[in-house]
Amino acid sequence: MNPQAKLIFAISLLLGTTIVISSNHWVTIWAGLEINTLAILPLIAKSHHPRAIEAATKYFLTQATASTLLLFSATTNAWYTGQWDITQLTHPTACLILTSALAMKLGLAPFHFWFPEVLQGSSLTTALILSTAMKFPPMTLLLITSPSLNPTLLTSMAILSAALGGWMGLNQTQIRKILAFSSISHLGWMVIIVSYNPKLTLLNFYLYALMTTTVFLTLNVIKTSKLSTLMTTWTKTPALSAMLMLTLLSLAGLPPFTGFLPKWFIIQELTNQNMAPAATAIALLSLLGLFFYLRLAYCATITLPPHTTNHMKQWHTNSPTSITIAILTTTSIMLLPISPMILTTI
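Residues numbered from 1 in each chain as written. Predicted model: local features only at pLDDT ≥ 70, side-chain atom pairs only at ≥ 80, totals over all residues. Heavy atoms only, no water.

A.B. asks: Go over the domain arrangement of the protein, please, and point to the residues and values.
C.D. replies: Taken domain by domain, the protein comprises domain 1 (1–122) and domain 2 (150–345). The C-alpha centroid of domain 2 is placed 25 Å from the C-alpha centroid of domain 1. Contact residues are listed per partner, giving 16 residues for domain 1 and 18 residues for domain 2. Roughly 1500 Å² of surface becomes buried between domain 1 and domain 2 when both sides are summed, with 75% attributable to carbon and sulfur atoms. Run the count over domain 1 and domain 2 and you get 1 salt bridge. With its nearest N and O atoms 3.4 Å apart, the salt bridge here joins glutamate 117 to lysine 177. (Domains from an automatic or database assignment. Contact = heavy atoms within 4.5 Å. Buried area = accessible area lost by both parts, 1.4 Å probe. Salt bridge = Lys/Arg side-chain N within 4 Å of Asp/Glu carboxyl O.)

This is how it looks when you write it as structure tokens:
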């Protein structure tokens, strides 16, 4: 793709995101979301592969439907209350429609079906943008409008997301699809707490984005997109493969790593809100995700490929690891000790 075109699309993504997070009028928010959608579409379809075109088409149709629902929700609220301000969302029907629209934008169950397919049809870099930056505007809207939304509905959708994200990721062999279901599962953790402590949702989103960025950039360096080739990459960059294993365990939420931090805080807050059954359910459902993270980690470092494999071992490369990946990996693994400091800011 032409560098000038890439620059225009990148600027458009930044512009759309900035408009959404800085607006308080529903029409400008809708315009910002549309700019975002139109800017990412060429990046998804740039390879001209039929799967990429299919992914771009699915993404466009889903996001257009979600934007229409968002505008319909704002219009309904304005019709009954005379308010176009984002904080004045009071009509119950408008709140229900907005919940559906934001769930569709984020890929939250039961509106999650488009997300794994779109990620599978995209390149690793575009999949990274879709998993992190493109979720930021709708997540901001969810945080701002959370006092108006129905907590019971959000909790139900969150537990359903954690369940489906775990179950459907179990039998996948494509790494992008596994990371897509991981994203759906993490969204469940973010949404379950948004009505009670939105700052925890934001913290979870930031740490999820940090760890996912690390995994995608590492996979991009070792040029791997499925489990069978992941098994043969340990010869290419052994140190990076080892760090990938630790980052995946962090993404799973195991205690010594950064990923345990948001889960710990969320379970604590849910217990304080007398929601121990919901906390127990979502904690047990995260064990499903742990299985496929462990399988990825196992394939990345612990498994030696069988001698009958069709894949040749890759040549060891002596090129130094990018400083960006080094910093991201370190923060993805070692932030747990500063949790008391983070707790004081929440």
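Let us keep going from here.
A.B. asks: Help me get a handle on the pattern of salt bridges, residues and values and all.
C.D. replies: With the rule as written, the count across this model stands at 3 salt bridges. Within the structure, one salt-bridge network assembled from shared partners comprises Glu54, Lys58, Glu117 and Lys177.

A.B. asks: Requested: an account of helix H3 (residues 50–81), with residues and values cited.
C.D. replies: Counted at 1.5 Å a residue, the expected span for H3 with its 32 residues is 46 Å, and the 46 Å between its end C-alpha atoms agrees. Backbone geometry just downstream of H3 places glycine 82 in the positive-phi region, at approximately 75 degrees. (Helix = DSSP H or I, 4+ residues; strand = E, 2+ residues; numbered from the N terminus. Expected span 1.5 Å × (residues − 1).)

A.B. asks: Which residues make up the UniProt feature "domain: NADH:quinone oxidoreductase/Mrp antiporter transmembrane" (unreviewed entry) in the protein, and what values go with them?
C.D. replies: The positions UniProt marks with the feature "domain: NADH:quinone oxidoreductase/Mrp antiporter transmembrane" (unreviewed entry) are residues 23–287. Annotated as 74% helix and 0% strand, the span residues 23–287 places its first and last C-alpha atoms 39 Å apart. (UniProt positions renumbered as here; feature names shortened; annotations may be inferred.)

A.B. asks: How would you sum up helix H9 (residues 175–192)? Please name residues and give values.
C.D. replies: Spanning 18 residues, H9 covers 26 Å between terminal C-alpha atoms, matching the ideal 26 Å at 1.5 Å per step. Within H9, 18 of the 18 residues are buried, which leaves it mostly tucked inside the rest of the structure. (Buried < 20%, exposed > 50% of the residue type's maximum accessible area, 1.4 Å probe, protein only.)

A.B. asks: I'd like a description of empty space enclosed by the protein, backed by residues and values.
C.D. replies: A complete count under the given rule lists 4 cavities of 30 Å³ or more for this structure. Considering only enclosed or pocket space, the largest cavity measures out at about 110 Å³ in volume. Lining the largest cavity we find 13 residues, and of these Tyr59, Gln63, Lys105, Met134 and Pro138 sit closest to its centre. Ranked by residues supplied to the lining of the largest cavity, first place goes to helix H2 (residues 26–44) with 3 residues. Considered class by class, the residues forming the lining of the largest cavity number 8 nonpolar, 3 polar and 2 charged. Taken as a whole, the second largest cavity spans an internal volume of roughly 60 Å³. (1 Å grid on protein atoms, 1.4 Å probe; cavity = no way out; pocket = protein on both sides within 12 Å on 5 of 7 lines; lining within 4 Å. Points joined across faces, edges and corners; volume = space filled by probe spheres on them. Nonpolar A, V, L, I, M, F, W, Y, C, P; charged D, E, K, R; others polar.)

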